[in-house]
Amino acid sequence: MESKELLKIAVNALSSKKAKNMEIIKVGDLTVVADYFLIASGSSSTQVKALADEVEHKLSEKGDAPKRTEGYKGANWIVLDYIDVVVHIFHQETREFYDLERLWQDGEFINPEEFLNQ
């Protein structure tokens, strides 16, 4: 699946479960790690898990599974690695602490709503 299509499905899945503060960062010009980072927050560990589960469910319906997952046990920061798209789902305090947006500030920030309308 093309990275933009995968990203749109993930954004819709997160939106459907009321993810907060979604950010898309295009990092493909900066690193070989991924084309995009999708970052979102949940208000509790239960919501963080539900968000990750929904992304996995919606993408598995399209035949795509994450190559790696991390963080389900603690549910403060769950990472779903789809190679071209890496989905980071944080508990809000953990997101503020790690501040990935600052670390990847040289990337191109894309508004998720605008991305869906492309």
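Residues numbered from 1 in each chain as written. Predicted model: local features only at pLDDT ≥ 70, side-chain atom pairs only at ≥ 80, totals over all residues. Heavy atoms only, no water.

K.L.:
Got a sec to walk through the pattern of salt bridges? Specific residues and values, please.
P.N.:
Summed over the entire model, instances satisfying the criterion amount to four salt bridges. For Lys-67, the salt bridge identified is with Asp-64, shortest N-O distance 3.6 Å. Given the relative accessible area of 11%, Asp-64 is considered buried. As a salt-bridge pair, Asp-81 and Arg-68 come within 2.5 Å of each other at their nearest N and O atoms. (Salt bridge = Lys/Arg side-chain N within 4 Å of Asp/Glu carboxyl O. Buried < 20%, exposed > 50% of the residue type's maximum accessible area, 1.4 Å probe, protein only.)

K.L.:
Which residues make up the packing of aromatic side chains, and what are the values?
P.N.:
Working definition: an aromatic ring pair is given by the centre-to-centre distance plus the angle between the planes. In the structure shown here, the tally under the stated rule is four aromatic pairs. Relative to Trp-104, the ring of Phe-37 lies with its centre 5.1 Å away and its plane at 90°, an arrangement referred to as edge-to-face. Of the two residues, Phe-37 is situated in strand 2 (residues 36–42) and Trp-104 in the loop between helix 4 (100–103) and strand 6 (108–110); the sequence distance between them amounts to 67 residues. What links up through ring pairs into an aromatic cluster is the set Trp-77, Phe-90, Phe-97 and Tyr-98. (Phe/Tyr/Trp six-rings, centres within 6.5 Å; stacked < 30°, edge-to-face > 60°. Helix = DSSP H or I, 4+ residues; strand = E, 2+ residues; numbered from the N terminus.)

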